[in-house]
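Now for the letters of each chain:
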Amino acid sequence: MRIDILTIFPEMFRGPFDYGIVRRARERGLVEIAVHDLRDFAADKHRTVDDRPFGGGEGMVLKPEPIFRAVEHLLGEQFDRERAAVILLTPQGRRFTQAMAAYLATRERLVLICGRYEGVDERVAGYLATHELSIGDYVLTGGEVPAMVIVEAVVRLLPGALHRAESARRESFAAGGILDYPQYTRPAEFRGLRVPEVLLSGHHAEIARWRRRMALAKTLRNRPDLLEKAALSEEDRQLLEELRDM
Ligand code: 9WO
């Protein structure tokens, strides 16, 4: 896979791809990541990328021409929508999910367009981007951090990016998953706080039941929305009834 990022702040991307799984995936040649300065695709000597909004209003809007020129330079004028995804990052986009990450991981090329200022000329969303995505319901100052989030979520799904132990759990969130169970490590007592006794017992069946129960309890408390789509056993449903009554 090749990922191209379009931004007016390319310096923001020094660092985030140099650690952990993303670094390993780059070193293994699973992904190539290139960051481009949108101003390099401006047509005038001042390298202008923004302009005032038609209809009035505050602030500035990213102009369409540099963005269209950049994407056409990277993918050609008639790019293959089966192989490439062109993603605009704005708060107005569809919500980015694990399922979308899995879909994007099947593309050969990704182009991530980082919005800035008060917005992006709507013709980019309408006629150039294949997807307009938001990573969540909050306003940031630009699409740069969301682009980093998407790169990390997608790259770890590329075949060969994860160790075997990591791969087993990777789809759980997308495919009717619930939240993870709580984890503990040594010491067994820290500042008077003891690790749940069952985890020290060596009773594997009991530990598995405790973990499932705690995962359900945490999901019920923090993300009840996930329970609607979750793949639950009859035992899970019974446990949930007990937890709801507590
Ligand atoms: C700012 C603003 C100020 C006055 C009137 C309207 C306004 N709209 C915006 C605005 O939405 N600015 C965005 C800043 C424009 C696109 C880039 N920016 C951005 C992207 N903020 N947050 C994101 C983002 C992207 C993906 N997922 C979550 C947030």
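Describing the overall build of the protein chain
- Along the protein chain, the regular secondary structure elements total 9 helices and 9 strands.
- Scaling as 2.2 N^0.38, a compact globule of 246 residues should have a C-alpha radius of gyration of about 18 Å, whereas the protein chain reaches 23 Å, well beyond that.
- Principal-axis analysis of the C-alpha atoms gives the protein chain an extent of 70 × 45 × 40 Å.
- Across the protein chain, the fraction of contacts at a sequence separation of at least 24, relative to all contacts at a separation of at least 6, is 75%.
- With the model as given, the accessible surface of the protein chain reaches about 15,100 Å², and the carbon-plus-sulfur share is 50%.
- Within the protein chain, one finds 37 positive and 38 negative side-chain charges whose respective centroids are separated by 5 Å.

Section: the side chain of threonine 90
- Assignment of secondary structure puts threonine 90 in strand 5 (residues 84–95).
- Among the polar contacts made by the side chain of threonine 90, one reaches the main-chain amide nitrogen of glutamine 92 at a distance of 3.1 Å.

A look at the nonpolar core
- Core analysis: the biggest nonpolar cluster contains 32 residues, and Ile3, Ile5, Phe96, Leu104, Leu112 and Ile150 have the highest contact counts within it.
- Put simply, the parts of the chain that give this core at least two residues each are strand 1 (2–7), helix 1 (20–27), strand 5, helix 3 (98–104), strand 6 (109–114) and helix 5 (144–155).
- Counting residues per element, this core draws most heavily on helix 5, which supplies 7 residues.
- When neighbours within four sequence positions are excluded, phenylalanine 96 is seen to be in contact with Ala101, Leu104, Leu133, Ser134, Ile135, Ile150 and Ala153.
- Formed by 23 residues, the second largest nonpolar core is a distinct cluster that contains Leu38, Ala42, Leu88 and Ala125.

Description of the packing of helix 7 (residues 204–222) against helix 9 (residues 234–244)
- With their axes 10 Å apart at the nearest point, helix 7 and helix 9 run at an angle of 55° to one another. In this view, helix 7 runs oblique relative to helix 9, as classed from their interaxial angle. Note on packing geometry: the crossing formed by helix 7 with helix 9 is right-handed. Contacts from Arg209, Arg212, Arg213, Leu216, Ala217 and Leu220 in helix 7 reach Glu235, Asp236, Leu239, Leu240, Glu242, Leu243 and Arg244 in helix 9.
- Here the contact of helix 7 with helix 9 is built from residues that sort into 6 nonpolar, no polar and 7 charged.

Looking at the domain arrangement of the protein chain
- The assigned domain composition of the protein chain is domain 1 (2–155) and domain 2 (172–245).
- Summarising the inter-unit geometry, the C-alpha centres of domain 1 and domain 2 are found 37 Å apart.

A short note on helix 9
- Among the residues making up helix 9, those that are buried are Asp236, Leu239, Leu240 and Leu243. When helix 9 is viewed along its axis, its buried side chains cluster within an angular range of 105° and face the same direction. Seen from the buried face of helix 9, the exposed residues on the opposite side, beyond 90 degrees, are Glu234 and Gln238.
- Where the residues of helix 9 are buried, they touch helix 7 and helix 8 (224–229).

As for the pairing of strand 6
- Taking burial as the measure, the 6 residues of strand 6 include 5 buried ones, the bulk of the element.
- Where strand 1 lies against strand 6, 5 bridges are found, and the strand directions are parallel. By the bridge assignment, isoleucine 5 is partnered in strand 6 with leucine 112.
- Where strand 5 meets strand 6, 6 bridges bridge the pair, whose relative direction is parallel. Bridge pairing links leucine 89 to cysteine 114 in strand 6.
- Viewed along the sheet, the connection from strand 5 through helix 3 into strand 6 turns out right-handed.

Examining the layout of surface pockets
- Roughly 370 Å³ of internal volume is contained in the second largest pocket.
- Together, 26 residues line the second largest pocket, and Leu89, Thr90, Pro91, Gln92 and Gly119 are the ones closest to its centre.
- Going through the elements one at a time, strand 5, helix 4 (122–127) and strand 7 (131–134) are the ones with two or more residues in the lining of the second largest pocket.

As for the pattern of salt bridges
- One pass over the full model with this rule turns up 19 salt bridges.
- In this structure, the salt-bridge partner of arginine 47 is aspartate 40, at a minimum N-O distance of 3.0 Å.
- Since its relative accessible area comes to 33%, arginine 47 is described here as partly exposed.
- Note that arginine 194 is salt-bridged to glutamate 197, the shortest N-O span being 3.4 Å.
- Residue arginine 194 is classed as partly exposed on the basis of its relative accessible area, which comes to 45%.

About the criteria used
Residues numbered from 1 in each chain as written. Predicted model: local features only at pLDDT ≥ 70, side-chain atom pairs only at ≥ 80, totals over all residues. Heavy atoms only, no water. Helix = DSSP H or I, 4+ residues; strand = E, 2+ residues; numbered from the N terminus. Rg over C-alpha atoms; globule rule 2.2 N^0.38 Å. Contact = heavy atoms within 4.5 Å. Areas by Shrake-Rupley, 256 points an atom, 1.4 Å probe, with all protein chains shown as cover. Lys, Arg positive; Asp, Glu negative; His and termini not counted. Charge placed at Lys NZ, Arg CZ, Asp CG, Glu CD. Polar contact = N/O pair within 3.5 Å; in protein donor to acceptor, adjacent residues only side chain to side chain. Core = buried A, V, L, I, M, F, W, Y, C linked by side-chain atoms within 4.5 Å. Buried < 20%, exposed > 50% of the residue type's maximum accessible area, 1.4 Å probe, protein only. Axes fitted to C-alpha atoms, helices over the stretch in contact; angles between N-to-C directions. Parallel < 35°, antiparallel > 145°, perpendicular 65-115°, else oblique. Left-handed = near helix turned anticlockwise from the far one by under 90°. Nonpolar A, V, L, I, M, F, W, Y, C, P; charged D, E, K, R; others polar. Domains from an automatic or database assignment. Arc of directions from axis to C-beta. Pairing = 2+ DSSP bridges. Right-handed = clockwise from strand over helix to strand, strands pointing away. 1 Å grid on protein atoms, 1.4 Å probe; cavity = no way out; pocket = protein on both sides within 12 Å on 5 of 7 lines; lining within 4 Å. Points joined across faces, edges and corners; volume = space filled by probe spheres on them. Salt bridge = Lys/Arg side-chain N within 4 Å of Asp/Glu carboxyl O.

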